[in-house]
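# Summary of the model geometry
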Amino acid sequence: MKAAVIPEINATWELREVPTPTAGPGEVLIKVHACGICFTDVWTTRGAAGDLFPLITGHEVVGEVVEVGTGVSTRKVGDRVGTTWVQSTCGRCDYCKENLPLSGQAAVNCAAPRLTGFNAQGGHAEYVAVTATGTVLIPDGLSFELAAPIFCAGYTTWSGLRAAEPALHERVAIVGIGGLGHLALQFAAASGLETIAVTHSPDKQELARKLGAHEVVASGEELLAAGGADVLLLCSNSYDQGADALKGLRHDGRAISMGLDPLADIVIPTDRQRPFFAQRQKVIGSTHNGLRYLTEALEFAAAGKVVPMIETFPKEEVSTAVAKVIAGDVRFRAVITY
């Protein structure tokens, strides 16, 4: 089969011929139809997964089951499925003994998780063998290309919104209108929440309104002047932008960090008139918080209430697509077709 291989750290992705995997016990073999490029894949290229090169990355992977391994009863040949970052856990460590739902927490807490595109082959290939229990069925009518970004970007943002537990009367601000933020805006608006976009980019202001924003502001001070927000979904990878947006967080508000890097790098702003300790505010870390949220996110997409903005590339142009992602020239998710 052909796969996009990262030969060594910081190297250009190369389309190569590699052995086709088979479905082992408890696994299914997926004929990949599409795989999104997450910026995490770029970090992997830079060594975030360690020295595991040559490496096939990719965790926004969707396709069709073509082979079922022994012991699998929940999936069958022909199923349209996808898998995400954490396929499975070891089941025996202290974390696993808590029997928590399969989620992104396992990536850092389980002693031996199976991670798509990190310590297990990723989805930037024509075929991938994955743990069956780590797959999710794709709703009928949702294309593979539009489903792919939901398996990370959509999953992440919907999980973050759910973690904030917004009430219907509360205001939700989306900080950063990009690969995550453009989806978060749609999820919040589709949930019937008053939604505010926070973006420094003038060219994204009208787009934010089209995606469901009731208001658009450029800074935390402008957000505060507009009435503030009860929930901040921090979708930007800019610590400065995140810290600035906290100025607009209302009392009892929740700021949800959805990045891989720790929120501790954001300095909570001081305000003698509105001291943080007196506001009962919370800063919550969030990632993929359980497959039920992925299913919910896919249902929004299947209903047309959330539509990822994508650019598609054939596998032969994967290196071009990666370069555009690194340069920030994709609006907003790059999807490779295999």
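Rules and cut-offs
- Residues numbered from 1 in each chain as written.
- Predicted model: local features only at pLDDT ≥ 70, side-chain atom pairs only at ≥ 80, totals over all residues.
- Heavy atoms only, no water.
- Domains from an automatic or database assignment.
- Contact = heavy atoms within 4.5 Å.
- Buried area = accessible area lost by both parts, 1.4 Å probe.
- Salt bridge = Lys/Arg side-chain N within 4 Å of Asp/Glu carboxyl O.
- Polar contact = N/O pair within 3.5 Å; in protein donor to acceptor, adjacent residues only side chain to side chain.
- Nonpolar A, V, L, I, M, F, W, Y, C, P; charged D, E, K, R; others polar.
- Buried < 20%, exposed > 50% of the residue type's maximum accessible area, 1.4 Å probe, protein only.
- Helix = DSSP H or I, 4+ residues; strand = E, 2+ residues; numbered from the N terminus.
- 1 Å grid on protein atoms, 1.4 Å probe; cavity = no way out; pocket = protein on both sides within 12 Å on 5 of 7 lines; lining within 4 Å.
- Points joined across faces, edges and corners; volume = space filled by probe spheres on them.
- Pairing = 2+ DSSP bridges.
- Axes fitted to C-alpha atoms, helices over the stretch in contact; angles between N-to-C directions.
- Parallel < 35°, antiparallel > 145°, perpendicular 65-115°, else oblique.
- Phe/Tyr/Trp six-rings, centres within 6.5 Å; stacked < 30°, edge-to-face > 60°.
- Lys NZ or Arg CZ within 6 Å of the ring centre and 35° of its normal.

### Focus on the domain arrangement of the protein chain
Domain boundaries in the protein chain define domain 1 (2–137 + 308–337) and domain 2 (155–285). The distance between the C-alpha centroids of domain 1 and domain 2 comes to 29 Å. In this assembly, 10 residues from domain 1 lie in contact with 10 residues from domain 2. Interface area, domain 1 with domain 2, both sides summed: about 930 Å², of which 70% is carbon and sulfur. At the boundary of domain 1 with domain 2, the tally comes to 1 salt bridge. The salt bridge partner of R331 is D203, with a shortest N-O separation of 2.8 Å. Counting across the interface, domain 1 meets domain 2 through 2 residue pairs in polar contact (both at pLDDT 80 or more). Within the side of domain 1 that touches domain 2, the residues separate by chemical class into 6 nonpolar, 2 polar and 2 charged.

### Examining helix α5 (residues 181–190)
Because the α-helix completes a turn every 3.6 residues, residues three or four places apart line up on one side. The element α5 is largely enclosed, with a buried count of 8 among its 10 residues. Taken together, the buried positions of α5 are occupied by G181, H182, L183, A184, L185, Q186, F187 and A188.

### Focus on empty space enclosed by the protein
In the structure shown here, the tally under the stated rule is 1 cavity of 30 Å³ or more. Approximately 50 Å³ is the volume attributed to the largest cavity. Lining the largest cavity we find T84, W85, V86, L102, S103, G104, Y155, H288 and L291. Taken together, the residues that form the lining of the largest cavity break down as 5 nonpolar, 4 polar and no charged.

### Focus on the sheet that holds strand β14 (residues 249–257)
The strand order β12-β11-β10-β13-β14-β15 describes an open sheet built from 6 strands, whose pairing is parallel. Of all strands in the sheet, those bounded by a partner on one side alone are β12 (215–217) and β15 (282–285). Here the strands of the sheet are splayed against their neighbours by 20° on average, with no regard to which way each runs. Looking at chain direction, strand β13 (residues 229–234) and β14 are connected through 5 bridges and run parallel. In the sheet register, L233 faces β14, and the bridge partner there is I256.

### Focus on the environment of Q87
With respect to the helices, strands and loops of the structure, Q87 is situated in strand β6 (residues 86–88). Residue classification places Q87 among the buried positions, given a relative accessible area of 0%. With 26 residues separating them in the primary sequence, Q87 and P113 have C-alpha atoms 7.6 Å apart. Reaching out from Q87, the side chain makes a polar contact with the side chain of T116 at a distance of 3.0 Å.

### Points about unusual backbone geometry
The step from F53 to P54 runs through a cis peptide bond, and the omega angle for that step is -5°. Mapping P54 onto the fold places it in the loop between α1 (39–45) and β4 (60–68). F332 follows R331 through a cis peptide bond whose omega is 0°. One can find F332 in the loop between α10 (318–327) and β17 (333–337).

### Thoughts on the packing of helix α4 (residues 153–164) against helix α9 (residues 291–302)
At a minimum axis distance of 9 Å, the contact between α4 and α9 shows a crossing angle of 110°. For the element pair α4 / α9, the angle class is roughly perpendicular. Listed contacts from α9 to G154, Y155, W158, S159 and R162 of α4 are L291, Y293, L294, E296, A297 and F300. Class assignment of the residues belonging to the contact of α4 with α9 gives a composition of 7 nonpolar, 2 polar and 2 charged.

### What to know about the packing of aromatic side chains
Here the distance between the centres and the angle between the planes together describe a pair of aromatic rings. One pass over the full model with this rule turns up 5 aromatic pairs. Each ring, one from F39 and one from W43, has its centre 6.0 Å from the other, and the planes form 85°; the classification is edge-to-face. Of this pair, F39 and W43 both sit in helix α1, separated by 4 residues, roughly a single helical turn. Centroid distance F187 to F300: 5.5 Å. Interplanar angle 90°. Geometry classified as edge-to-face. With F187 in helix α5 and F300 in helix α9, this residue pair connects regions lying 113 residues apart in the sequence. There is no split in this pair, since F187 and F300 are both buried. Three or more aromatic residues joined by ring pairs form one cluster here, namely W158, F187 and F300. Positioned over the ring face of Y127 is K31, at 5.6 Å from the centre of the ring. If you follow R80 out to its NZ or CZ, it ends over the ring of F144, 4.6 Å from the centre.

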